[in-house]
Amino acid sequence: MPSTESEPPSGNIMEQIVSLAKRRGFVYQASEIYGGIRGFWDYGPLGVLLKNNIRDHWWRAMVECPPVGPDGSPIDMVGLDSAIIQHPNVWKASGHVDNFNDPMVDCRETKARYRADHLWTAAAQVRRKNGNVETLGVFSVLSGDDAGDLFVKRVDKIARKTGGGEVVAPTDFVPFTKLSPAEMAEVVGPDAAQKGTLTEPRPFNMMMISYNGPLQDEDNKVYLRPETAQGIFTNYKNVLDTTRVRVPFGIAQIGKSYRNEVTPRNFIFRSREFEQMEMEFFCPPDQSILWYEFWRDERMKWWKSLGIRADNLKFRDHDDDELAHYSKACVDIEYKYPFTSPDFGELEGIAHRGCFDLTQHQQHSSQKLDYFDQELQLKLKESGASPEDVKAKSRYIPNVIEPASGLTRAVLVLLCEAYRCESRSGVEKFEYFAFKPQLAPIKAGIFPLVNKDGMPEIAQKLYMDLRQQFTCEYDPKQSIGKRYARMDEIGTPFSITVDGQTKDDQSVTIRHRDSQLQERVALEKVSTFLTEKLKA
RNA sequence: GCGGGUGUAGCUCAAUUGGUAGAGCGCCAGCCUUCCAAGCUGGCUGUUGAGGGUUCGAGUCCCUUCGCCCGCUCCA
């Protein structure tokens, strides 16, 4: 079968990756035995190891051993694990209730979909040449400054076809959402020719809803968080009060988030339940750009530290019209996924959120969330600022720089990046994952070359020793070649084999996954060998 | 939500005009085995995505539904 044009050039590779990931227990479709559930995925025995490794790597790089700041001193960073369900007002304050709840209207005729609040309607009236005013119907247009012009232009076209005359410009538009169902049925869609093709507005809730408590009424409605960030903002004051961190500092969090994505697609790229790694960095307003640039560069370094080729990563600055109204700057780190190639797709966003979130929460919660910067006060006094100036500037709402990335997206990127398909061991298409050793689910396979002459006993003992420090697997089954191949397939970087020589000189062979080459290492040095190789 | 494609064993796939669901790989057990998916013997695996219909008979035809892929649409 020739491939159709609609198929992307690398669509095949993605299928192979998904297939291998399933076959070796990395990612399963959620609820598969019931036919699956769109937008949800389960991480299998190897998948959870890989995910945990990435998670730990991030946590270490952000919380336990954060980068050294621009001024050469270590950065203050703490971790957090907030609840998935928060007080509903959190999401009102954050803007998610309003912005994530867009009623949509579909046009049955043109198949177009509109945000209901973007549709304005008005009666189309024409003053005919004889002076009579005739109404041609109720038309809708997309809201905006040019809505009036668009409306007149459109009605003018129809008027010409039906006898001409002058269009009476509407003095006011009525929002589509204010119409009764009967009135809606009379409206002509923005791109439609016939009336009554618009559906009634249907809610499009981006936030998943649940009920807190056994009563499922409106008062008990709660939301599953669509991002982990708000849990950080709501605890910002707690952290300041109960730890010794001072601005500038960061709070990091890893956890699940939920969004009713319109189109969950591309394997685990866009799913309705996903895991985020987010950090909110609180800094003085006048230092915010400095920190924004700092974190932008640091985050790119981190992705490269996972073993991702520089060619496959790039920055993409958001255009001004793409920025949220509160954001001063935002940049995405993008990856060249097989399904976007040759284009890139989003991997992490580094956003300058200004003081928006804390200001919002301060207003909605009536709690003071500003920060008194004693250091800055001192500095201002020393620089001879006026008392008024010192007072005004040393108390502020911190600005926030937010590097937010998807842990589950990181798993996807590593699967894509590590995937290899080459001719090997007499197999035409041998598939395997070449993970960086540090992130590989299993670090080493331990084998007796054959199951006799005392080899299994030595190998087992080695396994029992090593597994206390490293994630290892002992495998005495089938031929040595198959065991090597099995380990290669799941991305295990090292295979350690006890052979006939081991008994004589206490040494084993260690085989490298990528080169398939072996070296001999003393039994007692194996642990050191692995430690050395697993260093970042 | 719309349009197109698709769904058969853990994986890759086969099954003539509608006529008894198969193969390879894998996996398991045993034997053998001194380094790259080796060999021998035996074994496991399916409500053909699900539900309904037509038919003497459905993997195959029809309807509904679910998942996946592609393109639209949408996307804090």
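Residues numbered from 1 in each chain as written. Chains lettered and ligands numbered in written order. Predicted model: local features only at pLDDT ≥ 70, side-chain atom pairs only at ≥ 80, totals over all residues. Heavy atoms only, no water.

Asker: Can you help me understand the packing of helix 2 (residues 45-64) against helix 13 (residues 407-418) in this one?
Answerer: Packed helix pairs are characterised by how far apart their axes lie and by the angle those axes make with each other. The N-to-C vectors of helix 2 and helix 13 enclose an angle of 115 degrees; their axes lie 10 Å apart at closest approach. In terms of orientation, helix 2 and helix 13 fall into the roughly perpendicular class. As for the relative orientation of helix 2 and helix 13, their crossing is right-handed in sense. Within the contact between the two elements, helix 2 uses Leu50, Lys51, Ile54 and Arg55 and helix 13 uses Leu407, Thr408, Ala410, Val411, Leu414 and Leu415. Within the contact of helix 2 with helix 13, the residues separate by chemical class into 7 nonpolar, 1 polar and 2 charged. (Axes fitted to C-alpha atoms, helices over the stretch in contact; angles between N-to-C directions. Helix = DSSP H or I, 4+ residues; strand = E, 2+ residues; numbered from the N terminus. Parallel < 35°, antiparallel > 145°, perpendicular 65-115°, else oblique. Left-handed = near helix turned anticlockwise from the far one by under 90°. Contact = heavy atoms within 4.5 Å. Nonpolar A, V, L, I, M, F, W, Y, C, P; charged D, E, K, R; others polar.)

Asker: What is the right way to read unusual backbone geometry from this model?
Answerer: Negative phi characterises most residues that are not glycine, and trans characterises most peptide bonds. For the bond running from Val247 to Pro248, omega is 0 degrees, close enough to zero to count as cis. Counting through the fold element by element, Pro248 comes out in the loop between helix 8 (236-242) and strand 13 (249-258). The backbone of Asn266 shows a phi angle near 60 degrees, a positive value even though the residue is not glycine. For Asp453, which is not glycine, the phi torsion reads 55 degrees and is therefore positive. In this fold, Asp453 is placed in the loop between strand 23 (444-448) and helix 14 (455-466).

Asker: Would you take a moment to explain the pairing of strand 16 (residues 329-335) for this structure?
Answerer: Every regular strand shows the same layout, with side chains that alternate between the two sheet faces. Of all 7 residues in strand 16, 7 are buried, a share of seventy percent or more. Side chains of strand 16 alternate between two faces, with Ala329, Val331, Ile333 and Tyr335 and Cys330, Asp332 and Glu334 buried alike. Relative to strand 16, strand 15 (residues 313-317) is paired through 5 bridges, and the arrangement is antiparallel. Residue pairing for strand 16: Phe315 is matched across the bridge by Ile333. Bridge count between strand 16 and strand 17 (residues 345-354): 7 bridges; the pairing is antiparallel. (Buried < 20%, exposed > 50% of the residue type's maximum accessible area, 1.4 Å probe, protein only. Pairing = 2+ DSSP bridges.)

Asker: What am I meant to see in the sheet that holds strand 13 here?
Answerer: By way of backbone hydrogen bonds, the strands of a sheet pair with one another, either parallel or antiparallel. Strand order across the open sheet formed by 7 strands is 3-13-14-20-17-16-15, with mixed pairing between neighbours. Whereas interior strands pair on both sides, the edge strands pair on one side only; in this sheet they are strand 3 (76-80) and strand 15. The average angle at which neighbouring strand axes cross in this sheet is 20 degrees, direction not considered. The pairing of strand 14 (residues 273-283) with strand 20 (residues 399-406) spans 6 bridges and is classified as antiparallel. Within the sheet, the bridge partner assigned to Gln276 lies in strand 20 and is Gly406. Contacts between helix 2 and the sheet are confined to strand 3, strand 13, strand 14 and strand 20, with strand 13 contributing the most and set at about 160 degrees to the helix. Of the strands in this sheet, strand 13, strand 14, strand 16, strand 17 and strand 20 touch helix 13, which is tilted by about 115 degrees from strand 14.

Asker: It is not clear to me how the sheet that holds strand 23 should be interpreted in this structure. Could you clarify?
Answerer: As summarised here, the arrangement of the 5 strands in space is 24-23-25-26-27, forming an open sheet in which the pairing is mixed. Edge strands, defined here as strands with exactly one partner in the open sheet, are strand 24 (472-474) and strand 27 (518-522). Neighbouring strand axes in the sheet, compared pairwise and without regard to direction, differ in orientation by 25 degrees on average. Here strand 26 (residues 507-512) pairs with strand 27 via 5 bridges, running antiparallel. Of the residues in strand 27, the one forming a bridge with Ile510 is Glu519. Across the sheet, helix 14 touches strand 23, strand 24 and strand 25 (494-498), and the angle it forms with strand 23 is around 160 degrees. Across the face of the sheet, helix 17 (residues 526-533) comes into contact with strand 23, strand 25, strand 26 and strand 27 while running at roughly 170 degrees to strand 25.

Asker: Sorry if this is basic, but what is going on with the packing of aromatic side chains here?
Answerer: Two aromatic rings, taken as a pair, are described by how far apart their centres are and by the angle between their planes. Scanning the entire structure with this criterion turns up 25 aromatic pairs. Between Phe281 and Trp291, the aromatic rings sit 4.5 Å apart at their centres with planes inclined by 45 degrees, giving tilted as the arrangement. Taken together, the residues Phe281 in strand 14 and Trp291 in helix 9 (residues 288-305) connect sequence positions 10 residues apart. Residues Phe281 and Trp291 agree in their burial class; the two are buried. Each member of the aromatic cluster is reached from another via a ring pair, and the members are Phe26, Tyr419, Phe433 and Phe435. When the ring centre of Phe269 is taken as reference, the NZ or CZ atom of Arg409 above it lies at 3.9 Å. (Phe/Tyr/Trp six-rings, centres within 6.5 Å; stacked < 30°, edge-to-face > 60°. Lys NZ or Arg CZ within 6 Å of the ring centre and 35° of its normal.)

Asker: Looking at this structure, how should I read helix 14?
Answerer: It helps to recall that an α-helix has 3.6 residues per turn; residues three or four apart then point in one direction. If you check helix 14, its first and last C-alpha atoms are 16 Å apart, about what 12 residues at 1.5 Å a residue would give, namely 16 Å. Looking only at helix 14, the buried set comprises Met455, Pro456, Ala459, Leu462, Tyr463 and Leu466. Looking straight down helix 14, one finds its buried side chains confined to an arc of 130 degrees; they lie on one side. The outward face of helix 14, more than 90 degrees from its buried face, is lined by the exposed residues Glu457 and Lys461. (Expected span 1.5 Å × (residues − 1). Arc of directions from axis to C-beta.)

Asker: Just checking my understanding: could you explain the domain arrangement of chain A for this structure?
Answerer: In many analyses, interface size is given as the accessible surface area lost on bringing the parts together. Once the domains are mapped, chain A shows domain 1 (8-84 + 225-355 + 399-415), domain 2 (101-204), domain 3 (362-397) and domain 4 (442-535). Of note, the centres of domain 1 and domain 4, computed from C-alpha atoms alone, are 35 Å apart. Listed as interface residues are 7 residues of domain 1 and, on the opposing side, 6 residues of domain 4. For the pair domain 1 and domain 4, the summed buried area comes to about 500 Å², and 60% of that belongs to carbon and sulfur atoms. For domain 1, the biggest contributors to the area lost against domain 4 are Arg24, Leu46 and Leu49; these three give 62% of the whole. Remark: the boundary between domain 1 and domain 4 carries 2 salt bridges. Here Glu489 ties to Arg23 by a salt bridge, and the two come within 2.9 Å at their closest N and O atoms. (Domains from an automatic or database assignment. Buried area = accessible area lost by both parts, 1.4 Å probe. Salt bridge = Lys/Arg side-chain N within 4 Å of Asp/Glu carboxyl O.)

Asker: For this particular structure, what's the right way to read helix 17?
Answerer: Looking only at helix 17, the buried set comprises Val526, Phe529 and Leu530. The buried side chains of helix 17 occupy one side of the element, clustering within an arc of 95 degrees when seen end-on.

Asker: How do you make sense of the environment of Met104 when you look at a structure like this?
Answerer: Take Met104: it is sitting in strand 4 (residues 104-106). Taking the relative accessible area as the measure of exposure, Met104 reaches 14% and is therefore buried. Along the primary structure Met104 and Glu200 are separated by 96 residues, whereas in three dimensions their C-alpha atoms are 8.3 Å apart.

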